[in-house]
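Descriptive analysis of the structure
Here are the chains, one letter per residue:
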Amino acid sequence: MTFGEKLQEVRKQSGMTQETFAEQLHVSRQAVSRWESGRGYPEMEKIIFICNRYGVTMDGLFTEEVP
């Protein structure tokens, strides 16, 4: 599972739309869409917020991304 797929899973398990998730992170819905589709990554501060807020680890989010 890629970072984007894992992020989407975290968002959906929390019962949020991309719009709601984006509002919590103070980014656009398009940014969340880019991350989930693998066309980009959030800034480190956003990743840390996601990990702390939704109880996931960086390792859990990025395991498949490391070659």
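So, here is what we can say about the structure in this document. (Residues numbered from 1 in each chain as written. Predicted model: local features only at pLDDT ≥ 70, side-chain atom pairs only at ≥ 80, totals over all residues. Heavy atoms only, no water.)

The next thing to look at is the pattern of salt bridges. One pass over the full model with this rule turns up two salt bridges. Arg11 serves as the salt-bridge partner of Glu36, at 2.6 Å between the closest nitrogen and oxygen. Of this pair, Glu36 sits in helix H3 (residues 29–36) while Arg11 sits in helix H1 (residues 3–13); the two residues are 25 residues apart in sequence, bridging distant segments of the chain. Each member of the pair, Glu36 as well as Arg11, carries the same accessibility label: buried. (Salt bridge = Lys/Arg side-chain N within 4 Å of Asp/Glu carboxyl O. Helix = DSSP H or I, 4+ residues; strand = E, 2+ residues; numbered from the N terminus. Buried < 20%, exposed > 50% of the residue type's maximum accessible area, 1.4 Å probe, protein only.)

Turning next to the nonpolar core. By size, the foremost hydrophobic cluster in this structure holds 16 residues, and its most contacted members are Phe3, Leu7, Phe21, Trp35, Ile50, Tyr54 and Leu61. Within the residue set of this core, elements represented by two or more residues are H1, helix H2 (18–25), H3, helix H4 (44–54) and helix H5 (58–62). Sequence-distant contacts of Leu7, defined by excluding residues within four places in its chain, comprise Phe21, Trp35, Glu36, Ile50 and Leu61. (Core = buried A, V, L, I, M, F, W, Y, C linked by side-chain atoms within 4.5 Å. Contact = heavy atoms within 4.5 Å.)

Burial in H2 covers these residues: Gln18, Phe21, Ala22 and Leu25. Looking down the long axis of H2, one finds its buried residues gathered within 100° of arc, a one-sided arrangement. Where the residues of H2 are buried, they touch H1, H3 and H4. His26, located one to two residues past H2, shows a positive phi value of around 60°. (Arc of directions from axis to C-beta.)

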